[in-house]
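Notes for the structure review
Here are the chains, one letter per residue:
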Amino acid sequence: MAIIEVNHITKEYRLGQLQSLRHSLQRAAARLRGQPLLERPLFKALDDVDFKVEAGEVLGIIGHNGAGKSTLLKMLAQISVPTRGSVKIHGKVAPLIEVGAGLIGDLTGRENVFLNGAILGIPKAEIRRKFDEIVAFAEMEEFIDTPIKRYSSGMSVRLGFAIATSVASDILIVDEVLAVGDLAFQRKCFDRMEDLIKRQGKTVLLVSHNIRQVERLCSRVILLNKGRIISNGPASAVCTQFYEASDARISTSKSTDLELANSNEWATGEILLRGIEILDTNSNVINKLRHEQTVRIQLRYEVTKKIHTPIFGIGVHTTDFIYLATEHSINQLTLDYLDPGQHVLTFDIPSFPFMPGVYSLRAGVAEGNAARTIFYAENLLHLQVVSDNAEDRTWNEGLVALSGSWSYDTPLLHLTGKTHANS
Amino acid sequence: MIRAAKTLFAYRELMGVLAWKNITLRYKQAYMGIAWAVIKPLTLMLIFTLVKSFVGIDSGAIPYPLLTFVALIPWIFFQEATSEGVGSVVGNANLIRKIYFPREIFPLTTVVTKLVELGINMIILAGLMVYYGFMPAATILWVPLLILYVVLASLSIALMGAALNVYYRDITSALPMLLSLMMYASPVIYPLMLVKEKLLVNQAAGVWSDFLYTLYILNPMAGIIDAFQQTILRGAPPELSTLLPGMILVAALLPISYMIFKRAEVYFADVV
């Protein structure tokens, strides 16, 4: 039997300001006089969302900002009610929506454990029993009798998470809480979540922007977009679909034209970048390429002042600015000087080594033997690497292909002893 | 109503903890702490006594400070319980957006928490009575029932007000003004006896006198304050005829108020 049943729920909000008492009275008066009412437009935060969750299932909910994820969780946690449709839940729900929501600054850590526990519905006796465990998990022994307002933000979130995860419930609703604290604590939270899921067999609904985390924890994923379920299926397939969609969104948000406004440009003015393009082997401009495709990057520079012994550089970085590769012209291209005017620089890549995803280009120019930087810009052009088969992404995690080769061999002499022992 | 009582019983622990939180928070970083609960009625009592020496209010055989202090105990409870109860839902917006539990817990705990201050004031009253050499009669046993009544009267306003306040913050601004007006329409500064004498005996407003008097005691606080003074100071049982109009009003208002609250409750998280 399904532990959670979501039956065609729709949630509508009215856009715009909530009206004052005066507006409400004026509207009431207009209604009495039979005048037409000016309704504020409706916004559908959720649109006919329908799914079931079986006991013990770990369901991930992903989607862009504003897709309706948090609204959906609010319906499931009974904080808000749908405009149409119904939500049926058979079991106790522990909402981990913004942990530490009920912590009060003036109270000490100890007092807050009891207060927050009661708010989350943990019986007092149980909190007393679990108190030491909660404090130990939050690594708070030293500060437990200090008011929360003196805590660092990480400390109070740690305490909030420790309390929230000790609720004895059948269903856990988790909204972005795994992104709390420092790396070590995030790791600990993640382990605790895995423990709740894998060993205690709880039903979990997880909302996160960390798709890798969702992919790892969840057995099934729902992808929401503008309040509608776009897909609902096995984690890897839905996450791949989401990646492709996000990639497409990032790469179309930037055209091949230079938009230097957000490209972190730094230049002395002696040389300016006028254009950057990626070309395939037929010299067509592209912004989508296949893994291991042969491509040419073409840069058009305008030189305003004579430049002596220029050195060019080009690099590839991820959209979150991890520099993946940098190449210099230093040993391949020796120019004594560049005259003012237009120049075209090409860089050929025989086999583009990066895995499917979105990448960006950076470029720089230095002058002379002292390598004085005269131009540098990053985030110049987004390029999307796509794969022909959908499974590539799930099978080949990572950014770069090693392009190695596998072989198999049975060294008979060494294994004979073992084989005999087994038989 | 039975279902309401059941959920409240299920959430009794939470209510206890929230009430404890309200009390600790109110006095945690205050140097004088709980003494503030006492300072307010005592100051008002002194001011009223001062005013009384100019205008002359007949308090009968009972010392005026005592009479007005006994009136202030239920009045201050009512005033603070309703105004804090009305603000309680908006004040806990961060919880309402994150966690579900029956929302009436907020106004309810706020009102109930105020009983602590009322208890402290009762102790001060005992001291004052010793000072004036006043022995209470057995009729003082009526007081717990009267306290229950004033709690219900406060709730009948706090529930509705708290729900409306989520939609219209006008309530927060209007309420203090209405409450201070209501104090003058309640026998806090002057005893009910004087009103009765003016309207019922002297018929000061002519044909309207009886109607005005009924209107006056329709205010539940009129009956409550008078009953407090009757049972504690005059050694007499409360006058039912004075209490009845207010009781009928509260009995009618409380279920309506609760219904309004419950109907608005589901949208609190969306609106607050």
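The structure displayed is predicted, hence computed values, not measured ones.

Here's the deal with the overall build of chain A
Along chain A, the regular secondary structure elements total 10 helices and 22 strands. Among the 423 residues that make up chain A, the fraction classed as buried is 46%. Surface exposure of chain A reaches about 22100 Å², of which carbon and sulfur atoms provide 52%.

Thoughts on the packing of helix α7 (residues 143–167) of chain B against helix α12 (residues 240–265) of chain B
Residues and elements named next belong to chain B. Between α7 and α12, the least distance of the axes is 8 Å, while the angle of their chain directions is 35°. Once α7 is placed against α12, the crossing between them reads as left-handed. Where α7 approaches α12, its residues Y149, L152, A153, L155, S156, L159, M160, A162, A163 and Y167 are matched on the opposing element by L243, G246, M247, V250, L253, L254, S257, Y258, I260, F261 and A264. Of the residues contributing to the contact of α7 with α12, the split by class is 18 nonpolar, three polar and no charged.

Quick notes on the nonpolar core
Among the nonpolar cores identified, the biggest contains 154 residues, and I62, L72 and L205 of chain A together with F228 of chain B are the most heavily contacted of them. Tallying contributions element by element places helix α4 (residues 64–91) of chain B first for this core, with 15 residues. Not counting chain neighbours up to four residues away, the residues in contact with L205 of chain A comprise I4, L59, I61, L73, L76, I171, L172, I173 and V174 of chain A.

A word on the packing of aromatic side chains
Considering all chains together, one arrives at 13 aromatic pairs over all chains under this definition. Consider the rings of F161 of chain A and F185 of chain A, whose centres lie 6.3 Å apart with planes at 80°: the pair is edge-to-face. Remark: F185 of chain A occurs in helix α6 (residues 183–199) and F161 of chain A occurs in helix α5 (residues 153–164); sequence separation between them is 24 residues. Residue F161 of chain A shares its accessibility class with F185 of chain A, and that shared class is buried. Note on F261 of chain B and F268 of chain B: the rings are 5.5 Å apart at their centroids and 80° apart in plane angle, and the pair reads as edge-to-face. F268 of chain B gets classed as buried once you look at its relative accessible area, which sits at 0%. The ring of F185 of chain A carries R158 of chain A above its face, with NZ or CZ at 5.8 Å from the centroid. Over the aromatic face of F137 of chain A sits the side chain of K188 of chain A, whose NZ or CZ is 4.9 Å from the ring centroid.

Considering α4 of chain B
The end-to-end C-alpha distance of α4 of chain B, which contains 28 residues, comes to 38 Å, matching closely the 40 Å that a straight helix rising 1.5 Å per residue would cover. Within α4 of chain B, 22 of the 28 residues are buried, which leaves the element mostly enclosed by the surrounding structure.

Re the sheet that holds strand β2 (residues 42–54) of chain A
Residues and elements named next belong to chain A. Spatially, three strands are ordered β2-β1-β4 in an open sheet, and the strand pairing comes out antiparallel. Whereas interior strands pair on both sides, the edge strands pair on one side only; in this sheet they are β2 and β4 (84–89). Averaged over all neighbouring strand pairs, the angle between strand axes comes to 20°, with direction disregarded. The pairing of strand β1 (residues 2–14) with β4 spans five bridges and is classified as antiparallel. Its bridge partner being in β4, I4 is matched across the sheet by I89. Together, β1, β2 and β4 form the strand contacts of helix α2 (residues 69–76), whose direction differs from that of β1 by roughly 120°.

Comments concerning the interface of chain A and chain B
Contact with chain A, which involves 33 residues of that partner, is made by 28 residues of chain B. Of the roughly 2500 Å² buried between chain A and chain B on both sides combined, carbon and sulfur atoms contribute 66%. Remark: the boundary between chain A and chain B carries one salt bridge. Here D270 of chain B ties to K11 of chain A by a salt bridge, and the two come within 2.6 Å at their closest N and O atoms. Here the side of chain A that touches chain B gets five residues from one element, more than from any other, and that element is helix α3 (residues 109–119) of chain A.

Regarding the sheet that holds strand β19 (residues 341–349) of chain A
Strand order in the open sheet made by the four strands is β12-β11-β14-β19 (chain A), with antiparallel pairing throughout. Strands at the two margins of the open sheet, each flanked by one partner only, are β12 (285–286) and β19 of chain A.

Focus: a nonpolar patch on the surface
Residue and element names in this part refer to chain B. A surface patch of nonpolar side chains, about 700 Å² in accessible area, is lined by V207, W208, F211, L212, L215, L218 and L249. Residue contributions to the nonpolar patch peak at four residues, all from helix α10 (residues 209–218). Its location among the elements puts L218 in helix α10.

Some points on helix α8 (residues 170–184) of chain B
Residues and elements named next belong to chain B. Between its first and last C-alpha atoms α8 spans 22 Å; for 15 residues at 1.5 Å apiece the expected length is 21 Å, and the two agree. Among all positions in α8, only L175, L179 and M183 are buried. On its buried face, α8 sits against α3 (36–55) and α4.

Some details on the environment of K28 of chain B
Secondary-structure assignment places K28 of chain B in helix α2 (residues 12–28). Each C-alpha atom of the pair K28 of chain B and L125 of chain B lies 25 Å from the other, and the pair is 97 residues apart in sequence. Setting aside its immediate chain neighbours within four residues, K28 of chain B contacts D106, L107, T108 and E111 of chain A.

A word on unusual backbone geometry
With glycine set apart, most residues show a phi of negative sign, and most peptide bonds adopt trans. All names here are of chain A. Of note in the backbone geometry, D48 takes a positive phi value of approximately 55° without being a glycine. One can find D48 in strand β2. Judged by relative accessible area, D48 falls into the partly exposed class, the value being 39%. In this model, A371 sits at a positive phi of 55°, which is unusual for a non-glycine residue. Note on placement: A371 falls in the loop between β20 (357–367) and β21 (372–377).

Topic: the side chain of T82 of chain B
Residues and elements named next belong to chain B. Within the secondary structure, T82 sits in helix α4. Within the structure, the side chain of T82 is placed 3.1 Å from the backbone oxygen of Q79, a separation counted as a polar contact. Those residues within four positions of T82 in sequence are excluded, and the remaining contacts are S154, I157, A158, L175 and L179.

Rules behind the numbers
- Note that residues are indexed from 1 along each chain, following the sequence as it is written.
- Written order decides the labels, with chains lettered from A and ligands numbered from 1.
- Two thresholds apply to this predicted model, a pLDDT of at least 70 for residue-level local features and 80 or more for giving and counting side-chain atom pairs, whereas whole-chain, interface and lining totals are computed over all residues.
- Remark: hydrogens and water are excluded; side-chain values derive from all non-hydrogen atoms of the structure.
- The helix and strand labels rest on DSSP assignments: H or I over at least four residues marks a helix, E over at least two residues marks a strand, and numbering proceeds from the N terminus.
- Throughout this description, buried means an accessible area under 20% of the type-specific maximum (1.4 Å probe, protein chains only), exposed means over 50%, and partly exposed covers the range between.
- Note on areas: these come from Shrake-Rupley sampling with a 1.4 Å probe, and a residue is covered only by the protein chains present in the view.
- Angles run from 0 to 180 degrees between N-to-C directions of axes, and those axes are lines fitted to C-alpha atoms, restricted for helices to the stretch in contact.
- Each helix crossing is assigned a hand: it is left-handed if the near helix lies turned anticlockwise from the far helix by less than a right angle, otherwise right-handed if that turn is clockwise.
- Residue contacts are defined here by distance: any two heavy atoms, one from each residue, within 4.5 Å place the two residues in contact.
- Under this grouping Gly is polar, as are all residues other than the nonpolar Ala, Val, Leu, Ile, Met, Phe, Trp, Tyr, Cys and Pro and the charged Asp, Glu, Lys and Arg.
- To qualify as a nonpolar core, a set must consist of buried Ala, Val, Leu, Ile, Met, Phe, Trp, Tyr and Cys residues joined through side-chain atoms within 4.5 Å.
- Each Phe, Tyr or Trp ring, with Trp reduced to its six-membered ring, pairs with another whose centre is within 6.5 Å; inter-plane angles below 30 degrees give stacked pairs, above 60 give edge-to-face pairs, and intermediate values give tilted ones.
- Counted as over-ring charges are cases with an Arg CZ or a Lys NZ within 6 Å of the ring centre that also lie within 35 degrees of the ring normal.
- For a helix, the expected span equals 1.5 Å multiplied by the residue count minus one.
- Any two strands are treated as partners once DSSP identifies two or more bridges connecting them.
- Defined in terms of a 1.4 Å probe, buried area is the accessible area two parts forfeit on being brought together, summed over both.
- Here, a salt bridge means any Lys or Arg side-chain nitrogen found within 4 Å of an Asp or Glu carboxyl oxygen.
- Patch members must show over 30% relative accessible area and no salt bridge, and they are joined within 9 Å when carrying like charges or within 5 Å when they are nonpolar side chains of Val, Leu, Ile, Met, Phe, Trp or Tyr.
- Counted as a polar contact is a pair of N or O atoms within 3.5 Å, where, for protein atoms, one must be capable of donating a hydrogen and the other of accepting one, and residues adjacent in sequence contribute only when both atoms are in side chains.

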